[in-house]
Amino acid sequence: MRGGYIEAIDIVIPEKRRKGIHYQKATLTSLPYEDKTFDTVICTHALEHIKDADLALAELRRVCRQRLIIVVPRQREYRYTFDLHINFFPYEYSVRRFINNPQAQVLEIGGDWVCVENMSDKE
């Protein structure tokens, strides 16, 4: 990493940490950063667990200056499930409806949806 800075947030900070990464305890619905703090924001496998996913998405966009990358599992809702997902994105249109940005790139990679949003497209 040349001249960069990596900040990782979670509700639980791991005991074993990687060198060069600053860990911050926080929630996605209330990020402790100024507007446009980070050039790139990556959120993986989190929004399917958040009750107010729209607020979390707004917070991710707020702290992002250039590029937002979101990864969510491509999964249907089942009556009985063994995971803690409360939001489901089984189809591309369900992801696009949630993202609500026609310029965002949405790709299916493996069993996930990867959404790439350039913040300059939103202005």
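Structure's up top.
All figures in this text were calculated on a predicted structure; none of them were measured in a lab.

## Overview of the overall build of the protein
Counting secondary structure elements, the protein contains 3 helices and 6 strands. N-terminal to C-terminal, the α/β element order of the protein is β-β-β-α-β-α-β-β-α. Taken over C-alpha atoms, the radius of gyration comes to 15 Å for the protein, in line with the 14 Å a tight globule of 123 residues would show. Referenced to the eigenvectors of the C-alpha coordinate spread, the extents of the protein come out at roughly 45 × 40 × 25 Å. The buried share of the protein, reckoned over its 123 residues, is 37%. Here the contacts in the protein between residues at least 6 apart in sequence split such that 54% fall between residues at least 24 apart. Surface accessibility of the protein: about 8,600 Å² in total, with carbon and sulfur atoms responsible for 49%. Measuring between centres, the 18 positive side-chain charges of the protein sit 4 Å from its 18 negative side-chain charges.

## Some thoughts on the sheet that holds strand β3 (residues 38-44)
Taken together, 4 strands build an open sheet; the order of strands is β3-β4-β6-β5 and the sheet is mixed. Each edge of the open sheet carries a strand with a single partner, namely β3 and β5 (105-109). If you compare each strand with its neighbour and ignore which way they point, the axes differ by 15° on average. Two elements, β5 and strand β6 (residues 112-118), share 5 bridges in a ladder whose sense is antiparallel. Across the sheet, residue Leu-107 finds its bridge partner in β6, namely Val-114.

## Notes on the pairing of strand β4 (residues 64-73)
Of all the 10 residues making up β4, 7 are buried; the element is thus mostly covered by neighbouring parts of the structure. As for the winding sense of the linkage, the β-α-β connection from β3 through helix α1 (residues 53-63) to β4 is right-handed. Note: β4 against β6, 7 bridges, orientation antiparallel. Following the sheet pairing, Pro-73 is matched in β6 by Asp-112.

## Here's the deal with the state of the cysteines
This structure, assessed with the given rule, holds 0 disulfides. Note on Cys-43: no disulfide assigned, nearest cysteine sulfur contributed by Cys-115 at a separation of 10 Å. Take Cys-115: its relative accessible area is 2%, and that puts it in the buried class.

## Focus: the layout of surface pockets
The calculated volume of the largest pocket comes to roughly 870 Å³. Around the largest pocket, the lining is made up of 30 residues, and of these Ala-8, Ile-9, Asp-10, Leu-28 and Ile-42 lie nearest the centre. Put simply, the parts of the chain that give the lining of the largest pocket at least two residues each are β1 (6-10), β3 and α1. The element best represented in the lining of the largest pocket is β3, accounting for 7 residues.

## Here's the deal with the packing of aromatic side chains
A full pass over the atoms with the stated rule returns 3 aromatic pairs. Here Tyr-33 and Phe-38 contribute two aromatic rings whose centre-to-centre distance is 4.9 Å and whose plane-to-plane angle is 80°, an arrangement assigned as edge-to-face. The interplanar angle of 55° and the centroid separation of 5.4 Å between the aromatic rings of Phe-89 and Phe-98 together place this pair among those described as tilted. As far as burial versus exposure is concerned, Phe-89 and Phe-98 are alike and both buried.

The rules we used
Residues numbered from 1 in each chain as written. Predicted model: local features only at pLDDT ≥ 70, side-chain atom pairs only at ≥ 80, totals over all residues. Heavy atoms only, no water. Helix = DSSP H or I, 4+ residues; strand = E, 2+ residues; numbered from the N terminus. Rg over C-alpha atoms; globule rule 2.2 N^0.38 Å. Buried < 20%, exposed > 50% of the residue type's maximum accessible area, 1.4 Å probe, protein only. Contact = heavy atoms within 4.5 Å. Areas by Shrake-Rupley, 256 points an atom, 1.4 Å probe, with all protein chains shown as cover. Lys, Arg positive; Asp, Glu negative; His and termini not counted. Charge placed at Lys NZ, Arg CZ, Asp CG, Glu CD. Pairing = 2+ DSSP bridges. Axes fitted to C-alpha atoms, helices over the stretch in contact; angles between N-to-C directions. Right-handed = clockwise from strand over helix to strand, strands pointing away. Disulfide = S-S within 2.5 Å. 1 Å grid on protein atoms, 1.4 Å probe; cavity = no way out; pocket = protein on both sides within 12 Å on 5 of 7 lines; lining within 4 Å. Points joined across faces, edges and corners; volume = space filled by probe spheres on them. Phe/Tyr/Trp six-rings, centres within 6.5 Å; stacked < 30°, edge-to-face > 60°.

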